[in-house]
Amino acid sequence: MEKQQYIEAGKIVNTHGVRGEVKIQVWLDSPEFMRRFKTLYIDSKPVRLLSSREHKGFLYSHA
């Protein structure tokens, strides 16, 4: 079995609103760059993003 490697790209710092959005502090070049990804991995489990947007240097995503 081959071990998969992941790059830490950010940290979920809070929830936002009532529709399940999370506020992510992005550690990459910019939140706009991270918006290109449709799947993120949290604790090695894939999470498909339904939508994401940038606001004041943070990424707000809905999965």
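The shown structure was predicted, so the numbers you read here are calculated from the model rather than taken from an experiment.

**Some thoughts on the sheet that holds strand E1 (residues 10-16)**
Moving on, step 1. Strand order in the open sheet made by the four strands is E1-E2-E6-E5, with antiparallel pairing throughout. Each having just a single partner strand, E1 and strand E5 (51-55) make up the two edges of the open sheet. Strand-to-strand twist across the sheet, computed as the mean angle between neighbouring axes with direction ignored, equals 30 degrees.
Moving on, step 2. As defined by bridge partners, strand E2 (residues 21-26) adjoins strand E6 (residues 58-62) across five bridges and the pair is classed as antiparallel. In the strand pairing of E6, Glu-21 is matched with His-62.

**Things to note about the environment of Leu-28**
Moving on, step 1. Relative to the elements of secondary structure, Leu-28 occurs in the loop between E2 and helix H1 (31-34).
Moving on, step 2. It is 9.9 Å that separates the C-alpha atoms of Leu-28 and Ile-7, two residues lying 21 residues apart in sequence.
Moving on, step 3. Dropping the residues within four chain positions of it, Leu-28 is found in contact with Ala-9, Phe-33 and Met-34.

**Structural notes on the pattern of salt bridges**
If charged atoms from side chains of opposite charge come close, those side chains can pair.
Moving on, step 1. Applying the stated criterion across every chain yields a total of two salt bridges.
Moving on, step 2. One salt bridge in this structure joins Arg-53 and Glu-21, with 3.2 Å as the shortest N-O distance. Here Arg-53 is found in strand E5, whereas its partner Glu-21 is found in strand E2, with 32 residues between them in sequence.
Moving on, step 3. Across the pair Arg-35 and Glu-32 runs a salt bridge, and its minimum N-O distance is 3.8 Å.

The rules we used
Residues numbered from 1 in each chain as written. Predicted model: local features only at pLDDT ≥ 70, side-chain atom pairs only at ≥ 80, totals over all residues. Heavy atoms only, no water. Pairing = 2+ DSSP bridges. Helix = DSSP H or I, 4+ residues; strand = E, 2+ residues; numbered from the N terminus. Axes fitted to C-alpha atoms, helices over the stretch in contact; angles between N-to-C directions. Contact = heavy atoms within 4.5 Å. Salt bridge = Lys/Arg side-chain N within 4 Å of Asp/Glu carboxyl O.

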